[in-house]
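# Inside the fold
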Amino acid sequence: MIYRNHTAFAAITKLGTVVTWGQNTAGGDYTYSDDSTTSAPNDSLNDVVEISFTNNAFAALKNDGSVVTWGNSERGGNSSTVASDLTSGVIKIYSTSLNFAALKNDGSVVMWGKLSGSQVSAPGSGSGITEIFSNGLAYAALKNDGSVVTFGRGSYGGNSNSVAGELSSVIKIFPKNWYIEGERGQYSLYKTGAFAALKDDGSVVTWGDPSVGGNSSTVRDDLASGVTEIFSNGEAFAALKENGSVVTWGNQLRGGNSSRVSIALSRGVEEIAYNGYVFAARKTDGSVYVWGQETSFPHGDRGGYTPNGVTGHDPRDSRVVYSNAVKIFSNG
C-alpha cells in the first residue's frame, strides 16, 4: 500500500517494512532529521500494518499496537510528548492536516502534532468510540450508542456544543477524510472546517465553520429527512436524497449554490463526484450536470465548464450535459 502527503510518499512492503521517498523534511527519508524534522528510530519500521499522514509527516501503526512517527516535527513527526501512550494498544490512527489522533483499545484518544488555537481535548478511556472522522483541523468521533464527541480546533468543528442535543442516533459523519485536494494540492486542507452528521432517520446535523458548510439553516427543511449520502469538497456539501434529488450548502462559489442546475438536481441523480471547486452529478439517464466555480470562463480549468459534450446550454450557466455516462471520476 502507498500513502502520500504533500511532498513525500511511504509504502508498506509485503514484509511489513516501510519504504519512503520524496522531500526529506516531509518524511521522504525516514532516517533524516534536522532542526524541524524527526527521524524514525533505527529498525523501528517493521511489522507495519497501516500508515497515516498529515501534510508533512507520517505515523505508522505496527502489529503490536505501537506507533512510529517521522517527518516535520511540528506536524506530527515528533511524538515524544506522548511516547509512553503509543507503545501499545493503538488500533487506528487518524489525522488532520497538522496533527494525529490515535484511538486505543480502551476507547481513549491520544493527540499530537500542532495543537493550537481553541483546542478541545481528546476523550479519555471508556468513551465507546467506534470510528473517528476528521477535517482540516478537528475530529468528530462516533460512539457505539450513536452519539458524537468532538475534539481538536474548536472553530473547525472540534466544539459541537451548539448542536450537542441533536447529535444522537448518528450513523455516518462527513467528510470521511480531511485530505481533499484543491489548487496545488493544498488549498482545501485548511478550509475543511465543518462536519455533517447523517442520522438514522435520514436527517442531517451540521456544525463548524459556517462559511464552509457548518451552518445549513438555509436548507434545514430539505435536510430534515430522506438523505442517504453526503459529499464534501472541503468548502461545500452536497446531500443525495432517496428520491434522487440533491441539496447543497456551504461556500456559494465552490458548489454550495446549485440554483443554476436546481431543476436537473430535483430528481434522478444516482452519483455525485467532486474536486476542490466543483461538483458533478450523474443521473439515471446517463446525463451529467456540473456546478461550482467557473473562474476562468470559457476554459473552466477546474471542471466547471468544458465544451466537450455540450448539448446547447449556455456555457456560462454551469450546466454541462453529457450522455451515456456510467461512472464519474475526479482529480484535484
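Shown above is the structure to which this text applies.
Our subject in this report is the structure included herewith. (Residues numbered from 1 in each chain as written. Predicted model: local features only at pLDDT ≥ 70, side-chain atom pairs only at ≥ 80, totals over all residues. Heavy atoms only, no water.)

## Concerning the overall build of the protein
Helices and strands together make up the secondary structure of the protein, namely zero helices and 23 strands. Residue pairs in contact within the protein that sit at least 24 positions apart in sequence constitute 49% of those at least 6 positions apart. (Helix = DSSP H or I, 4+ residues; strand = E, 2+ residues; numbered from the N terminus. Contact = heavy atoms within 4.5 Å.)

## A short note on the sheet that holds strand E4 (residues 37–38)
Taking strand neighbours across the sheet as the criterion, the four strands line up as E4-E7-E6-E5 in an open arrangement whose pairing is antiparallel. Strands with a single pairing partner mark the edges of an open sheet, and in this sheet they are E4 and strand E5 (48–53). Bridging between strand E6 (residues 57–62) and strand E7 (residues 67–72) involves five bridges; their strand directions are antiparallel. Its bridge partner lying in E7, Phe58 is registered against Trp70. (Pairing = 2+ DSSP bridges.)

## Concerning the pattern of salt bridges
Under the definition given, this model contains seven salt bridges. Arg75 is the partner of Glu74 in a salt bridge, and the nearest nitrogen-oxygen pair spans 2.8 Å. Accessibility expressed as a relative area gives 17% for Arg75, which makes it buried. Two residues, Arg282 and Glu271, come together in a salt bridge whose shortest N-O distance is 2.7 Å. Here Arg282, found in strand E22 (residues 278–283), pairs with Glu271, found in strand E21 (residues 269–274); they are 11 residues apart in sequence, far enough to count as distant. Under the relative-accessibility criterion, Arg282 is labelled buried at 11%. Classification of Glu271 as buried rests on a relative accessible area of 11%. (Salt bridge = Lys/Arg side-chain N within 4 Å of Asp/Glu carboxyl O. Buried < 20%, exposed > 50% of the residue type's maximum accessible area, 1.4 Å probe, protein only.)

## Here we look at a nonpolar patch on the surface
On the surface, a nonpolar cluster with roughly 350 Å² of combined accessible area is contributed by Ile2, Phe9, Val19 and Trp21. Mapped onto the elements of the fold, Ile2 is located in strand E1 (residues 2–4). (Patch = residues over 30% accessible without salt bridge, like charges linked within 9 Å, V, L, I, M, F, W, Y side chains within 5 Å. Areas by Shrake-Rupley, 256 points an atom, 1.4 Å probe, with all protein chains shown as cover.)

## Looking at the sheet that holds strand E13 (residues 138–143)
Read across the sheet, four strands follow the order E11-E14-E13-E12 without closing on themselves; strand pairing throughout is antiparallel. Bordering the open sheet on either side are strand E11 (119–120) and strand E12 (129–134), each of which pairs with just one other strand.

## Side note on the environment of Gly165
With respect to the helices, strands and loops of the structure, Gly165 is situated in the loop between strand E14 (148–153) and strand E15 (170–174). Distance in space between the C-alpha atoms of Gly165 and Ser147 is 9.6 Å, their sequence separation being 18 residues.

## Description of the pairing of E12
As paired elements, E12 and E13 share five bridges and run antiparallel to each other. Within the sheet, the bridge partner assigned to Ile132 lies in E13 and is Ala141. As consecutive antiparallel partners, E12 and E13 are separated by three residues.

## A closer look at the environment of Val247
Positionally, Val247 belongs in strand E20 (residues 246–250). The class for Val247 is buried, based on a relative accessible area of 6%. In contact with Val247, not counting residues within four places along its chain, are Val219, Asp222, Leu223, Phe237, Ala238, Ala239 and Lys241.

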